[in-house]
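An overview of the molecular structure
Single-letter residue listing:
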Number of protein chains: 2
Amino acid sequence: MELKTTTDIRIIKADSSKINSVDFENLTFGNIFTDHMLICDYNNGKWEQPVIMPYEPFTLDPSAKVFHYGQAIFEGMKAYKDEHDDVWLFRPDQNFDRFNKSAVRLAMPEVPEDVFLGGLHKLLEIEKEWVKKGFGNALYIRPFMIATGSGVVAAPSTQYRFTIILSPAKSYYSGEVKVVIAEHFSRAANGGIGAAKAAGNYSGQFYPTKLANEQGFQQIIWTDDATHTKLEEAGTMNVFFRINDTLYTAPISERILDGVTRKSIIELATKEGIDVQVRPVLVDEIVEAAKNGTLQEIFGAGTAAVVNPIVGFSYKETYYELPKPENSFATFIKQQLTGIQYKQIEDTFGWTVKI
Amino acid sequence: MELKTTTDIRIIKADSSKINSVDFENLTFGNIFTDHMLICDYNNGKWEQPVIMPYEPFTLDPSAKVFHYGQAIFEGMKAYKDEHDDVWLFRPDQNFDRFNKSAVRLAMPEVPEDVFLGGLHKLLEIEKEWVKKGFGNALYIRPFMIATGSGVVAAPSTQYRFTIILSPAKSYYSGEVKVVIAEHFSRAANGGIGAAKAAGNYSGQFYPTKLANEQGFQQIIWTDDATHTKLEEAGTMNVFFRINDTLYTAPISERILDGVTRKSIIELATKEGIDVQVRPVLVDEIVEAAKNGTLQEIFGAGTAAVVNPIVGFSYKETYYELPKPENSFATFIKQQLTGIQYKQIEDTFGWTVKI
Ligand SMILES: Cc1ncc(COP(=O)(O)O)c(C=O)c1O
Ligand SMILES: Cc1ncc(COP(=O)(O)O)c(C=O)c1O
């Protein structure tokens, strides 16, 4: 895959860089942003010229639709630096496609490829010093679009802003992750916006997650809202279950985000000879497998942590501790995937794209 | 009910008023705002001093949580002017309570009563010229809260802004309203945020509503997402169905907003001797009643239009036209309710509150 570049991006360089004031060894996720951002405004039915400019605050009317009706979508990607100082993206076309699917579902205009991918390419060229070498280091990329039009009538905005901001990130280690299986709260409805990376899907999870945190669990595995019998995904990760030597993961649906990491793991694991079954995963069968000792692993899959092993889960007030198998699939898959991302393992899939 | 007023609101008056430039006879809903707004920021675990100040744009970091995770809630209320130039609110305590319920569900801090109701009182005192006399005229009140903290980690913000803005409104006439009964798309999940007035609940409706609009329907009546057999509510209105001389409306649930107009209509209609049944309303029984001629009326209930008669509905590609009964309940209830709001009919319920 080749990134299309645009020639007509306006570039306003920052007077100076703040890069030397950043402690790259001690980064908290998503707090520090690079010197520049890309913005592109949509007005009168069309996209204006994209601008790469110094990172600075937005000025918005108090009645802006994003504040009142949550018309807002985003993506999450990473740029990696290899041994030769080349900067790479991982399947950016997937994020671009998903972004525009989210846009359609939220009645927002689709962003052209040369703005999203071409603009990102240009922005990364300018900010490439911010991508640090070394395993685990990455530049987190946050493309997002908000409804900027003003007026409190409950209808789609006619004005939007697409933006890309960049944040340096260290290897993401979230400690031992224990999860709760959702019995009451839900993330998404049938026919709802769960499959979109829409802002409103995330704030709804904060309160149930807070309750879970208070009980000593870091995350929730969401279940279908109608019956709470099917395991769906976590807050920002899809989920895999290993019973004996088979990996199971829920099929994509209107309620589940079509994760890039998830689909890459399915391909990669299959290629490596692991049996991967994509089908509804029932709470009951996982509890049963935990009880009879066939449940080997559960792990989350998402851009932030790539693969996030789960050490145990709680369901109906009972806590089930997971074994720590010697030949962990989670560890193996994480090594393979990050190996490809950092260009240490040959990318036979054609997933990596050079900047 | 008495509004608590606060003495410690900081007031910064606008240099001049734009009121004389406003054409009060030709107002589009929610486009024009008064000279002042109230803002109150939440920082370091507490609410700061509220400020009434000139209406002006907000300045927010591109990484502000409201843009990425939709942590945003709002309310919708109206102020009315009576014959004696007194300004009145309708059950503001209900909006205040509901606002804080929404806040809890979205993991946002609750707003103190003296900020929300006391602040509104003070703001309306300053802006009372903007409330125009005459039936149908009102000042629409939009309290809202957004997550202003920066950083793209998917977790609740630690900083928030509560704001009240005001917009003069004319009597809301939305033309003949035809609705579609939802067969595929949904508004809310069990265990989700449907009962909160959360920003994210609205943007999800824009796309399905656009599809309905393209087919000649103005709104959607949402059904339960699991089976699509139960009628729930419309985008910004609860819904009543009249079969013979009985009014039916769905019970409040986690999926349905507890509308102030809805609950007032239930009380008022009951008092006026109308049989009101609060119970799940099935799509099938409404279709059946439409076919056998017992379905007399359907109307929406919400602050904007108070009562909004529906002229017909579509279900499974069939359009059902509703009769126009002589003794319309919708018309009667609207007269009674607006009569109370404009202080033309005695308020035996104690719903109206003087500014
Ligand atoms: C709800 C949800 N599920 C799953 C994922 C994982 O998707 P991806 O692998 O594309 O990062 C994300 C995104 O990070 C997400 O927000
Ligand atoms: C989803 C929804 N349902 C119903 C209503 C009606 O509520 P109320 O009567 O309090 O205005 C509203 C608000 O306007 C709403 O947003």
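Residues numbered from 1 in each chain as written. Chains lettered and ligands numbered in written order. Predicted model: local features only at pLDDT ≥ 70, side-chain atom pairs only at ≥ 80, totals over all residues. Heavy atoms only, no water.

Along the backbone of chain A there are seven helices and 21 strands. Its C-alpha atoms give chain A a radius of gyration of 21 Å, within 12% of the compact-globule value 20 Å for 355 residues. If you line up chain A on its principal axes, its C-alpha atoms span 60 × 55 × 35 Å. Relative to its full complement of 355 residues, chain A shows a buried share of 61%. For chain A, long-range pairs separated by at least 24 residues make up 72% of all intrachain contacts whose partners lie at least 6 apart in sequence. (Helix = DSSP H or I, 4+ residues; strand = E, 2+ residues; numbered from the N terminus. Rg over C-alpha atoms; globule rule 2.2 N^0.38 Å. Buried < 20%, exposed > 50% of the residue type's maximum accessible area, 1.4 Å probe, protein only. Contact = heavy atoms within 4.5 Å.)

This part is about the site of ligand 2. Residue and element names in this part refer to chain B. Close contacts around ligand 2 come from 16 residues, with Lys 197, Tyr 202, Glu 233, Thr 261 and Thr 303 the closest. Contact between ligand 2 and Lys 197: an oxygen atom at 3.0 Å from a side-chain N or O atom of the residue. Interatomic distance of 2.5 Å between a side-chain N/O atom of Thr 261 and an oxygen atom of ligand 2. Alone, ligand 2 offers 380 Å² of accessible surface; in the complex the protein occludes 96% of this. Looking at the shell around ligand 2, the elements with two or more residues in it are helix H5 (260-271) and strand S18 (295-302). Grouping the constituent residues of the shell around ligand 2 by class yields five nonpolar, seven polar and four charged. (Near = heavy atom within 4 Å. Polar contact = N/O pair within 3.5 Å; in protein donor to acceptor, adjacent residues only side chain to side chain. Areas by Shrake-Rupley, 256 points an atom, 1.4 Å probe, with all protein chains shown as cover. Nonpolar A, V, L, I, M, F, W, Y, C, P; charged D, E, K, R; others polar.)

A pair of packed helices can be characterised by two numbers: the angle between their axes and the separation between those axes. Residues and elements named next belong to chain B. For the pair H5 and helix H7 (residues 329-341), interaxial distance at closest approach is 11 Å and the crossing angle is 105 degrees. On the basis of their axis angle, the class for H5 and H7 is roughly perpendicular. Across the interface between the two elements, Thr 261, Ser 264, Ile 265, Leu 268 and Ala 269 from H5 touch Ile 333, Gln 336, Leu 337 and Ile 340 from H7. Taken together, the residues that form the contact of H5 with H7 break down as six nonpolar, three polar and no charged. (Axes fitted to C-alpha atoms, helices over the stretch in contact; angles between N-to-C directions. Parallel < 35°, antiparallel > 145°, perpendicular 65-115°, else oblique.)

Moving on: the interface of chain A and chain B. A common way to report how large an interface is uses the accessible area buried once the components associate. Between chain A and chain B, the contact holds 60 residues from the first and 60 residues from the second. Carbon and sulfur atoms make up 65% of the surface buried where chain A meets chain B, a total of about 4800 Å² over both sides. The interface formed by chain A and chain B holds zero salt bridges in total. Between chain A and chain B we count 24 residue pairs in polar contact (both at pLDDT 80 or more) in total. Of all the elements in the fold, those that place two or more residues in the side of chain A that touches chain B are strand S5 (58-60), helix H1 (65-69), strand S6 (72-74), helix H2 (92-105), strand S9 (138-147) and helix H4 (200-214) of chain A. Its residues placed into classes, the side of chain A that touches chain B shows 35 nonpolar, 18 polar and seven charged. Of the strand pairs in this sheet, S5 of chain A and strand S5 (residues 58-60) of chain B are connected by three bridges, and their pairing is antiparallel. If you follow Thr 59 of chain A over to S5 of chain B, its bridge partner there is Thr 59 of chain B. (Buried area = accessible area lost by both parts, 1.4 Å probe. Salt bridge = Lys/Arg side-chain N within 4 Å of Asp/Glu carboxyl O. Pairing = 2+ DSSP bridges.)

Quick look at the domain arrangement of chain A now. Residue and element names in this part refer to chain A. The assigned domain composition of chain A is domain 1 (10-170) and domain 2 (178-341). Summarising the inter-unit geometry, the C-alpha centres of domain 1 and domain 2 are found 27 Å apart. Listed per partner, the contact involves 18 residues of domain 1 and 21 residues of domain 2. The junction of domain 1 with domain 2 conceals about 1800 Å² of combined surface from both sides, 60% of it contributed by carbon and sulfur atoms. Three residues, Phe 74, Phe 90 and Arg 98, lead the burial of domain 1 against domain 2; their summed loss comes to 33% of the area buried on that side. Linking domain 1 to domain 2 there are eleven residue pairs in polar contact (both at pLDDT 80 or more). Looking at the side of domain 1 that touches domain 2, the elements with two or more residues in it are S6, strand S7 (77-81), strand S8 (87-90) and H2. The dominant element in the side of domain 1 that touches domain 2, judged by the number of residues it contributes, is H2, at five residues. (Domains from an automatic or database assignment.)

Next up on the list: the site of ligand 1. Residue and element names in this part refer to chain A. With respect to spatial proximity, 16 residues lie near ligand 1, and among them Lys 197, Tyr 202, Glu 233, Thr 261 and Thr 303 are the closest. At 3.5 Å from an oxygen atom of ligand 1 is found a main-chain nitrogen or oxygen belonging to Thr 236. Here Thr 261 contributes a side-chain N or O atom positioned 2.5 Å from an oxygen atom of ligand 1. Across the complex, the protein chains shield 96% of the 380 Å² of accessible surface that ligand 1 would expose by itself.

Turning to the relation of the copies chain A and chain B, a few remarks are in order. You can overlay chain A on chain B at an RMSD of 0.0 Å; the transform is a turn of 180 degrees with a shift of 0.0 Å along its axis. On the angle and the small slide along the axis, the relation comes out as a two-fold axis. A share of 100% of the interface residues of chain A reappears at the interface of chain B, consistent with the copies meeting face to face through the same patch. (Least-squares fit on C-alpha atoms with pLDDT ≥ 70 in both.)

With that out of the way, let us pick up the pairing of strand S18 (residues 295-302) of chain A. All names here are of chain A. Counting buried positions along S18 yields eight of eight residues, so the element is predominantly enclosed. Taken together, the six bridges between strand S14 (residues 238-243) and S18 define a ladder with antiparallel strand orientation. Among the inter-strand pairings, Val 239 is bridged to a residue of S18, identified as Gly 300. Where S18 and strand S19 (residues 306-315) come together, five bridges link them in antiparallel fashion. Paired with Ala 301 across the bridge in S19 is Val 307. The antiparallel pairing of S18 with S19 creates a hairpin that spans three residues between the two strands.

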